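Analysis of the macromolecular model
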Amino acid sequence: MARILITSAIPYINGIKHLGNLIGSQLPADLYARYQRGRGNEVMFLCATDEHGTPAELAAAKAGQPVAEYCAEMHGVQSDIAQRFGLSFDHFGRSSSEQNHRLTQHFAGRLAEAGLIREVVEKQVYSNADGRFLPDRYIEGTCPNCGYERARGDQCENCTKQLDPTDLIEPRSAVSGSTDLEVRETKHLYLCQSAMKDRLDAWIDSKADWPVLTTSIAKKWLHDGDGLQDRGITRDLDWGIPVKKGDEDWPGMEDKVFYVWFDAPIEYIACAREWADANGKSDADWERWWRTDKGADDVRYVQFMGKDNVPFHTLSFPATILGSGEPWKLVDHLKSFNYLNYDGGQFSTSQGRGVFMDQALDILPADYWRWWLLSHAPESSDSEFTWEKFQQSVNKDLADVLGNFVSRITKFCRSKFGEAVPEGGEYGPQEQALIEELTRRVRAYEGHMEAMEVRKSAQELRAIWVAGNEYLQAAAPWSTFKEDPEKAAAQVRLGLNLIRLYAVLSAPFIPHSAARMLDAMNTTDDGWPEDVAAALSALPAGQGFTVPDVLFAKITDDQREDWQARFAGTRD
Ligand SMILES: [Zn+2]
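Because the structure is predicted, anything quoted here is derived from the model rather than measured.

**Things to note about the overall build of the protein**
Per the secondary structure count, the protein includes 19 helices and 19 strands. Taken over C-alpha atoms, the radius of gyration comes to 27 Å for the protein, in line with the 25 Å a tight globule of 572 residues would show. Judged by the C-alpha coordinates and their principal axes, the protein covers about 95 × 55 × 45 Å. Here the protein, with 572 residues, has 56% of them falling under the buried criterion.

**Some details on the coordination of the zinc ion**
Here the zinc ion is held by the protein donor atoms Cys143 (SG), Cys146 (SG), Cys156 (SG) and Cys159 (SG), which lie 2.3 Å from it. In this structure, the zinc ion is surrounded by 4 donor atoms whose angles at the metal cover 104 to 115°, and the resulting shape is tetrahedral. Sequence positions of the donors to the zinc ion reduce to the motif C-x2-C-x9-C-x2-C. On the criterion of sequence distance, the pair formed by cysteine 143 in the loop between strand E6 (139–142) and strand E7 (151–152) and cysteine 156 in the loop between E7 and strand E8 (169–173) is long-range, its members being 13 residues apart.

**A closer look at the pairing of strand E9 (residues 181–191)**
Here strand E4 (residues 117–127) runs beside E9; their pairing, made up of 11 bridges, is antiparallel. Within E9, the residue paired with lysine 123 across the bridge is glutamate 185. In this structure, E9 lies alongside strand E10 (residues 231–232), joined through 2 bridges in antiparallel fashion. Note that in E10 the partner of tyrosine 190 across the bridge is glycine 232.

**Details of helix H14 (residues 454–475)**
End to end, H14 covers 32 Å across 22 residues, agreeing with the expected 32 Å (1.5 Å per residue, within 8%). A positive phi of about 45° marks alanine 476, the residue just after H14.

**Re the sheet that holds strand E1 (residues 3–8)**
Strand order in the open sheet formed by 5 strands is E3-E2-E1-E15-E16, with parallel pairing between adjacent strands. Edge strands, defined here as strands with exactly one partner in the open sheet, are strand E3 (91–94) and strand E16 (333–337). Across this sheet, the average inter-strand angle for adjacent strands is 20°, counted without regard to direction. Two strands pair when backbone bridges link them, and E1 and strand E2 (residues 42–49) are joined in this way by 5 bridges, in the parallel orientation.

**Focus on the environment of glycine 425**
Checked against the element boundaries, glycine 425 lands in the loop between helix H12 (387–416) and helix H13 (429–450). Judged by relative accessible area, which is 28%, glycine 425 ranks as partly exposed. Between the alpha carbons of glycine 425 and serine 506 there is a distance of 29 Å; along the sequence they are 81 residues apart. Apart from the residues lying within four places of it in its own chain, the contact partners of glycine 425 are Glu486, Ala490 and Arg493.

**A look at the nonpolar core**
Buried together is how nonpolar side chains tend to be arranged in soluble globular proteins. Residues Phe85, Trp369, Trp387, Phe390 and Phe509 are the most contacted members of the largest nonpolar core, which totals 111 residues. In terms of residue count, the dominant contributor to this core is H12 (12 residues). Sequence-distant contacts of phenylalanine 390, that is, excluding residues within four places in its chain, are made with Leu364, Tyr368, Trp369, Trp372, Phe385 and Ile555. If you look at the next biggest cluster of nonpolar residues, it comprises 57 residues, including Trp261, Ala270, Cys271 and Trp275.

**Some points on the sheet that holds strand E18 (residues 345–346)**
In spatial order, the strands read E18-E17-E19; together these 3 strands make up an open sheet with mixed pairing. With partners counted over all chains shown, the strands left at the sheet margins are E18 and strand E19 (383–385), one partner each. Where strand E17 (residues 340–342) lies against E19, 3 bridges are found, and the strand directions are parallel. Looking at E19, one finds that leucine 340 is bridged to serine 383.

**Considering the pattern of salt bridges**
Taken as a whole and assessed by the stated rule, the structure comprises 39 salt bridges. Taking the shortest distance from any N to any O, the salt bridge between glutamate 42 and arginine 3 comes out at 3.5 Å. Taken as a pair, glutamate 42 in strand E2 and arginine 3 in strand E1 lie far apart in primary sequence, 39 residues in all. Residue classification places glutamate 42 among the partly exposed positions, given a relative accessible area of 23%. The partner of aspartate 283 in a salt bridge is arginine 273, and the shortest N-O contact between them spans 3.9 Å. One end of the pair, aspartate 283, is in helix H8 (residues 283–290); the other, arginine 273, is in helix H7 (residues 260–278), and 10 residues separate them in sequence. For aspartate 283, a relative accessible area of 36% gives the class partly exposed. Through salt bridges that share partners, Arg3, Glu42, Arg288 and Asp298 make up one connected network.

**Considering the packing of H12 against H14**
One way to put it is that H12 packs onto H14 with a least axis distance of 10 Å and a crossing angle of 45°. Here H12 lies oblique to H14, going by the angle between them. Seen from above, H12 lies across H14 with left-handed handedness. Contact residues: Lys396, Asp397, Leu398, Asp400, Val401, Leu402, Asn404, Phe405, Arg408 and Ile409 in H12; Arg462, Trp465, Val466, Gly468, Asn469, Leu472 and Gln473 in H14. In terms of residue class, the contact of H12 with H14 is made up of 8 nonpolar, 4 polar and 5 charged.

**Topic: the packing of aromatic side chains**
The full count for this structure, using the stated rule, is 32 aromatic pairs. Grouped by ring-pair contacts, the aromatic residues Tyr342, Phe347, Trp369, Trp372, Phe385, Trp387, Phe390, Trp563 and Phe567 constitute a single cluster. Above the plane of the ring of tyrosine 126 lies arginine 184, whose end atom (NZ or CZ) is 3.5 Å from the centre. Here arginine 235 stacks its cationic end above the ring of tyrosine 259, 3.7 Å away from the centre of that ring.

Here is what the cut-offs are and how they apply
- Residues numbered from 1 in each chain as written.
- Predicted model: local features only at pLDDT ≥ 70, side-chain atom pairs only at ≥ 80, totals over all residues.
- Heavy atoms only, no water.
- Helix = DSSP H or I, 4+ residues; strand = E, 2+ residues; numbered from the N terminus.
- Rg over C-alpha atoms; globule rule 2.2 N^0.38 Å.
- Buried < 20%, exposed > 50% of the residue type's maximum accessible area, 1.4 Å probe, protein only.
- Donors = N, O, S within 2.8 Å, 3.2 Å for Na, K, Ca; no water.
- Tetrahedral: all angles 85-135°; square planar, octahedral: opposite > 155°, others 65-115°.
- Pairing = 2+ DSSP bridges.
- Expected span 1.5 Å × (residues − 1).
- Axes fitted to C-alpha atoms, helices over the stretch in contact; angles between N-to-C directions.
- Contact = heavy atoms within 4.5 Å.
- Core = buried A, V, L, I, M, F, W, Y, C linked by side-chain atoms within 4.5 Å.
- Salt bridge = Lys/Arg side-chain N within 4 Å of Asp/Glu carboxyl O.
- Parallel < 35°, antiparallel > 145°, perpendicular 65-115°, else oblique.
- Left-handed = near helix turned anticlockwise from the far one by under 90°.
- Nonpolar A, V, L, I, M, F, W, Y, C, P; charged D, E, K, R; others polar.
- Phe/Tyr/Trp six-rings, centres within 6.5 Å; stacked < 30°, edge-to-face > 60°.
- Lys NZ or Arg CZ within 6 Å of the ring centre and 35° of its normal.

Here it is in structure tokens:
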């Protein structure tokens with residue numbers, strides 16, 4: 001039995017995510033986790049909310065709540081939606097957890113001892129009215145280049161000129177609008193990534209099996225221009241993990257917190273500790289996933305993320321781990337995704353354009369979305385959601401192919417043999433040919449799933465469903481029954497066994513429907529078909545079943561047009 005650690009990029013706390021976010025990391029990670037569990041492997045699947053930083057503070061202010069309260073509430077909301085989408089995390093943690101506080105401070109202490117943190121005095125804009133330093137993008141004013149009145153301190157979005165806050169004419173706080181600003185000196189900590197460049201370079205070179213897209217992004221950051229730069233890891237904020245050196249205070253760094261990019265990936269580890277604490281487990285139970293000196297040396301660690309997150313995961317987080325000098329598990333494989341676009345444009349959280357996770361579940365069950373998103377995953381390039389494509393895929397793949405198969409065979413059996421697997425007859429050449437085809441296809445499906453080729457896996461699964469339909473069409477037990485009821489009984493027995501086989505194979509994609517299929521077959525046997533022929537005899541003659549209600553309802557043209565108009569923009 002293999003042991004597989006899986007993490008999904010952690011979603012930011014400020015609101016409900018859209019379907020583009022979902023397919024960019026959490027959903028394919030869930031597919032892989034469910035598949036590996038289905039194969040009998042030991043899986044630890046972790047995700048969390050990313051809760052620190054100025055956007056969380058501003059979202060809380062907008063909601064009229066203290067930031068801690070806002071984050072706790074939004075964590076609950078995101079956790080509930082994740083569960084309803086069938087995301088099978090072993091733990092859905094929080095980057096603001098006590099466990100992450102301690103671990104982040106621990107890593108900072110180790111890095112400081114290793115001489116990999118330096119202190120830098122910087123000048124930064126302070127707002128007297130807000131009582132805080134302002135990040136560049138939270139200072140607004142008139143652009144000196146084009147006169148646009150709402151230019152941000154980092155860039156003018158009208159003329160795209162890169163700016164410094166001090167370039168702005170009549171600068172003001174984007175938080176309060178106050179113009180009572182001054183430039184103050186403040187001290188920050190920098191992680192000396194440049195000193196780690198060679199170690200990171202050698203580590204990336206050892207990853208010969210990584211996609212070129214991934215390694216080329218990492219190499220670009222390592223070598224372009226002046227090479228890998230040191231990064232600030234602290235901020236002048238209230239909300240965050242207080243800057244400490246392990247358990248000790250850090251002189252001169254009182255009232256500062258770690259920058260969100262430093263503590264967020266450490267939450268991958270802290271999340272395992274949260275899991276242990278929440279489930280009455282010991283430190284040894286979570287450390288065997290993360291410490292190579294405590295049992296994790298045989299763990300395969302796989303990360304899922306959108307392409308914009310690749311630099312953090314290939315360089316910044318490994319720099320933290322390698323720099324600590326401690327035997328923490330490094331990523332073995334990194335699966336990254338391009339973007340999903342929405343109906344001729346982009347998903348937009350700010351403009352409410354596209355379908356958000358809660359809205360999706362309000363109109364259709366999770367499995368419809370899971371199937372479409374996974375079978376159209378943006379792997380080799382960006383992909384696009386359109387309502388036409390969605391309707392077509394749901395109606396053809398799910399309703400016409402899989403749903404129809406289940407309905408036909410169970411209803412036919414009920415009408416001729418009753419609601420139990422019929423006995424009599426034997427599998428002949430037609431059945432043997434199907435078993436051979438399915439064996440070949442199931443092995444191909446396994447290969448694609450192991451390789452995390454999401455679209456290819458979906459295509460192979462669909463072909464497996466189609467093979468059953470074609471068999472049923474050719475065998476035609478409704479005709480056979482008239483001349484040779486025994487032969488028809490064997491055909492129906494095979495068909496009912498195929499429902500169980502399909503449930504097992506399809507569960508990673510459509511877990512809720514797969515569970516209904518097993519229920520209908522009155523079985524809890526979800527064993528993987530290592531031997532397809534044996535798997536097709538798993539349901540013995542005489543085993544009772546029930547005809548399930550419609551598994552997948554078709555999407556009508558009226559529904560499609562209605563939804564298309566409803567999600568065109570401006571979520572209220
Ligand atoms: Zn401008």
